[in-house]
Structures are given as C-alpha cells and as structure tokens.
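Read off the chains here:
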Amino acid sequence: MSCLPGGLFTFRPHSRGASGSACPDPAFPLRHALTRPRTGAAATRRPAAAQPEPSHMRLTRYFLPVLKETPAEAQIVSHRLMLRAGMIRQESAGIYSWLPLGYRVLRRIEQIVHEEQQRAGAIPVLMPTIQPADLWRKSGRYDDYGKEMLRIRDRHDREMLYGPTNEEMITEIFRTFSGSYRDVPKMLYHIQWKFRDEIRPRFGVMRGREFLMKDAYSFDVDRDAAIHSYNVQLAAYLRTYERMGISAIPMRAETGPIGGDHSHEFLVLAETGESEVHYDGAIVQKRLGERAVDWDDRVQLQEIFDEWTAPYARTGETHDAAKFEEMVPEERRVSGRGIEVGQIFYFGTKYSDPLGATVTTPEGERVPVHMGSYGVGVSRLVGAIIEASHDENGIIWPESVAPFHVGIVNLKQGDGEADAACEQVYGALKGLGLEVLYDDRDERAGAKFATMDLIGVPWRVTVGPRGLKNGVVELTSRKTGESREVPLADIAGVCAPILDRVANASADVTI
RNA sequence: CGGAGUGUAGCUCAGCCUGGUAGAGCACUGUCUUCGGGAGGCAGGGGCCGCAGGUUCGAAUCCUGCCACUCCGACCA
C-alpha cells in the first residue's frame, strides 16, 4: 500500500447537489464598522499609495468568460461552478488551464500555505517536475509505481518521469548536504505541480492528473524529535485551513507498516465528499484562532495535538463503531462525508534507510534520520472550498481566498452620476488596499448581479440612481444576502474591517 | 483496462433510425425599445457535421478503422 503523499487525495463523490459546511464567515462587517479602530497588520503593511492600479480590476478590461449554461461534462457542483465562473478550462482529461479568476484563487490558497509553513519553521525549496528514473530505482519504487507514473524519455533516450511525489529527491538533497545531528531538525517544503496518470480522472480539479501540491518533509535525529515535527505540522495545518475559512478536521488515518497513531488526514465536510466520516460533533467548533504558538515548545505542541486528536474523528477506513459509541455521547455523534485536503505522516526511516540519509549523533553513532511528510492538495482545495461553500446562484468565497474582496455593480452605466459614484467607491476601496472588481459593463442589473453571485465575490456594493438620490449605496453580503445602505462617503470606513480580517493572519514572510 | 455513451456554431442541443448540399436557443455584431435580479423586436456574422477510408449519382446521416471526451466498474485504499 502507499503511505505517501503521492498516494493521497483521490476523490470519489458520494452524492451531488447541495452545499456542505464551511466555517461561518467572520462577523458581518457592517455593524460597528464606523467606530471600530483599524487593527492588525494590514493598516501598516499595505500602504495605499504604493498600490499600482491594475486595469484588469475593471470588468470591461478583465478576462472573465462566464457561462450561462452548464457544460455537459461537469458532474459535481465545484466542477460546474469553476467552468461557469470562467476559472478553468479543460485541456485534456484531468488537465486544466487556470484562467485569470481561478488563478487568483489558486494563488491565494498557495500564499496562505506558504505563509503558514514558514511561520511553522519550514523552509521553501522548489524541486523539478521532471525526475530521473534512476533515483526511483534506488528506492525501489520505479517498478512498484505502475502506470500511474508518467514515464518519458529525453533526446538521449534517458529514462525520466514526471514526478508524482518527491520523497526520493528530497531525501537525496538532505543526504548530500547533511551529516551531523547539528544539521537537524530541518523541515523543507515545496509547492509544485505533480502528475499522476489516473486511470480515470474526473470531477475537475478534485481529481485531476496534474495537480498542485504542497509537500513538506521533516528530518529529525530520533523519533521523539520527529513527533514534535509532526505536531508542528498538525498545528500549522489547523492554522492554514482556518485561514482559508474552512473547517478541516484531522482524522486518524491508516499508518500502514509503520504503525502508531501518527498519520492524520484533514477532511473538509461536504455532502459530495469521497470519504465516509464519523466524528464527535464538538470538534467542528474547535478553533486554534489567535492562540500564540511557540513552535519550539514540544509540550505546547503536544498539547495541541492531544486536544485535536482526542475527540473521536475517523474516516470509514479506521472507523470503529464500538469505540465511537463508547467515546461520544449519542447527541454528538455525526456521520457524513468529507473531502480529503491534506495528510500528515510520520514514516520513520522508511526512505532514509535505503537511501542512506544518516546523521552522526553527539556520541558518534551514525543513525538514519527520522522523517515525516506532510501534504496539502492546493489545487484540490479550490474545488473543496466550493463544494463546502456555494448555493444555487454560485460560489460563496470565504474572504481570505476570494479572487476579489468586493465587487461594485453600477446599475446605470453611462449615467454621469452613477459612474462618478462608482469611481468614488472604487477609488476609496482600492485606497484601503482591498481588491475590487468593478463591473463597468453596459449590462442590465440582473446580468451584473448574476455574475457577481456566480463568481462568489463576498461583498457587493450596488450603486444606482435610486440610492444616490439619498446619497447612499448598498452593501450586500454574498453569504447571508444581508444588505444595508451606506452613505457614499462612508463606504471605505465600513469596508475597512474586511481588509483587517483578510490580512490579519498574514505572516511577515516572503518566498 | 472491461462495459456503456457522446463528438454538428463559442456554449446547450436538435437533425442521423427512413441518405438529397445544416438548424434552434443562448452568446457575438448593428439598431430600436427597455433598464434595481441573466429583457424584447428587427437585421446580420459564424460550422470541412472529430479524423481517415469505404458504399452511393449523392453521406452529418449507412459501413470500417482510428482519435478524443464523458459515464459505470476496476484503480486510488
């Protein structure tokens, strides 16, 4: 069996249709907005004056090929909505182009993963997509991997492959440059495109052949140290998913030949999920929130691990009905479906042994390093978030991953007063540092509303003659549908909290 | 890889059974009327009917082969 990230994230839907669960958005920003002081990093880190003006934030200049009708091939809701919202285009079975809107979301998710990995102490690298076959012969996996591995030959007839995962390569990198206990602990990660030649790709980006994935690898001198690295990644994942506005529950996973309880899959609850899940309903409410984490504190990280793994939460594979009933009071027992969006794994010396990745201990003994690997399905998350957060009109993006924070709908394009008011709102929101999509097309109101709903922009400012007569515009939440009139001059103040929330958890790191 | 389908305009599809030189809606262009939830009229543009053979006076239509895509299964585990 495969215990490796390369074997993760297959997807099989259970049912079609309605939305599942996403974390509720943070509080509606309208209340108290005018009196609430600006807080957080955003106010200082994004000087408005330094913002260039990308012209593509006006819809007439953007590339947003939305479809009114649903393409025939899309079976599940996230696939349908990604096609309709002009996020992706299929180029071959399981292979997609990311169009501007989809690319924006993908980059946002990727950025959050980068920030949280680095916050937790992992170091970014980038390994190639193409690998030599010899490396895989060394680990013995070249023949094991089968037809899922895309094998190619270069002009000199050398055997190469498009990487389905990178354990071999990262282990070689570590082995080459590290030899002492002083060189550990180390945690390296990369976000790279991978290819698995699935027999039957389906469900859009949820189970493509080419997919973007974060893989982190930890190197430690012994098991205890490796378990700490594992706990660090678990906490980092909790932060990562919370920032994306989704609830991904760590569930005990199969550990294969290594044994122990150190593999967890993170599942987003959604009715269309591929995995059967059983869990203590109380865990859904748990939040790491703004808890200060000392990433070197083994005790604290162990406590976080214990806190999140104590409640019963398992997939169908590891489910134990008797234990479930014993551990969880009946009213909190929940069974449903989930989409796997990450997996963390401690695998000891499985690769360091055959590949000879050792360090010398203070006592002069050469020992193989203890490793773990930690995957996040970056491109898959785009689909998973949509599965967990949509309605009959389209996508409902959590603020943190939304392609645009605010959309402006001009109800009477070409009308001097409406145009001027839109420009004023547009300028004010951009000035804050928010990313704004201004629908300046000469379209009817209904078409503009439908587009904004479909692409899931979390906040919409509606500007029309009716409101302007009273000097107000309308601010509407995509998620709740709740609206409120805002004096034109106050729009920036009212929207400021959005930026605070979005930038709130953003770490001071660069790639 | 087994089974079942589908390839016709940018998208959703009809036409194929029963061969006679290609259609609708949406989208697009122009125009008029509309204008707070995907409006309506008029006038236009757009297709080597997946590819290659074959049958026929004549093929989108019938036959053969190939290719691509989709669905079910197996696979992922």
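Preceding this paragraph is the structure being described.
Before going into details, it helps to say that this report is about the structure given with it. Here the residue numbers are simple positions, counted from 1 along each chain's written sequence. Going through the entries in the order they are written, you letter the chains from A and number the ligands from 1. Under the rules for a predicted model, residues below a pLDDT of 70 receive no local features and side-chain atom pairs below 80 are neither given nor counted, while totals for whole chains, interfaces and linings still include all residues. By convention in this description, side-chain values take in all heavy atoms of the structure and omit both hydrogens and water.

**Here we look at the sheet that holds strand E5 (residues 150–153)**
To keep things clear, this is the line we draw: Pairing between strands requires that DSSP locate at least two bridges from one strand to the other. Think of it this way: any DSSP run of H or I at least four residues long counts as a helix, any run of E at least two long counts as a strand, and we number them from the N terminus. For helices, the fitted axis covers only the stretch in contact; all axes are lines through C-alpha atoms, and the angles between them, taken along N-to-C directions, range from 0 to 180 degrees.
Judged by pairing direction, the sheet is antiparallel, and its three strands sit side by side in the order E4-E6-E5 without closing on themselves. The outermost strands of the open sheet, each flanked by one partner alone, are strand E4 (130–132) and E5. Within the sheet, the average angular offset between the axes of one strand and its neighbour, ignoring direction, is 40°. With three bridges joining them, E4 and strand E6 (residues 159–162) adopt antiparallel strand pairing. Pairing of Pro-132 across the sheet is with Met-160, part of E6.

**Examining the nonpolar core**
Heads up, the condition is: Think of a nonpolar core as a cluster: buried Ala, Val, Leu, Ile, Met, Phe, Trp, Tyr and Cys residues, connected wherever their side-chain atoms sit within 4.5 Å. Whether a residue is buried, partly exposed or exposed follows from its accessible area with a 1.4 Å probe, protein chains only, as a fraction of its type maximum: under 20%, in between, or over 50%, in that order. Domain delimitation in this document rests on an assignment produced automatically or drawn from a domain database.
Grouped together as the largest cluster of nonpolar side chains are 113 residues, with contacts concentrated most on Met-87, Tyr-241, Met-244, Trp-397, Leu-429 and Val-461. The dominant element in this core, judged by the number of residues it contributes, is helix H7 (residues 223–243), at ten residues. Two domains each donate at least three residues to this core, and these are domain 1 (42–63 + 397–504) and domain 2 (69–127 + 166–388). Core analysis: the second largest hydrophobic core is formed by 24 residues, Tyr-145, Leu-188, Tyr-217 and Phe-347 among them.

**Quick notes on helix H11 (residues 378–388)**
The element H11 is largely enclosed, with a buried count of eleven among its eleven residues. Among the residues making up H11, those that are buried are Val-378, Ser-379, Arg-380, Leu-381, Val-382, Gly-383, Ala-384, Ile-385, Ile-386, Glu-387 and Ala-388.

**Some thoughts on the pairing of E6**
With four bridges connecting them, E5 and E6 associate as antiparallel partners. Opposite Leu-150, over in E6, you have Tyr-162 as the bridge partner. Between the end of E5 and the start of E6, which pair antiparallel, lie five residues, with Asp-157 showing a positive phi angle near 65°.

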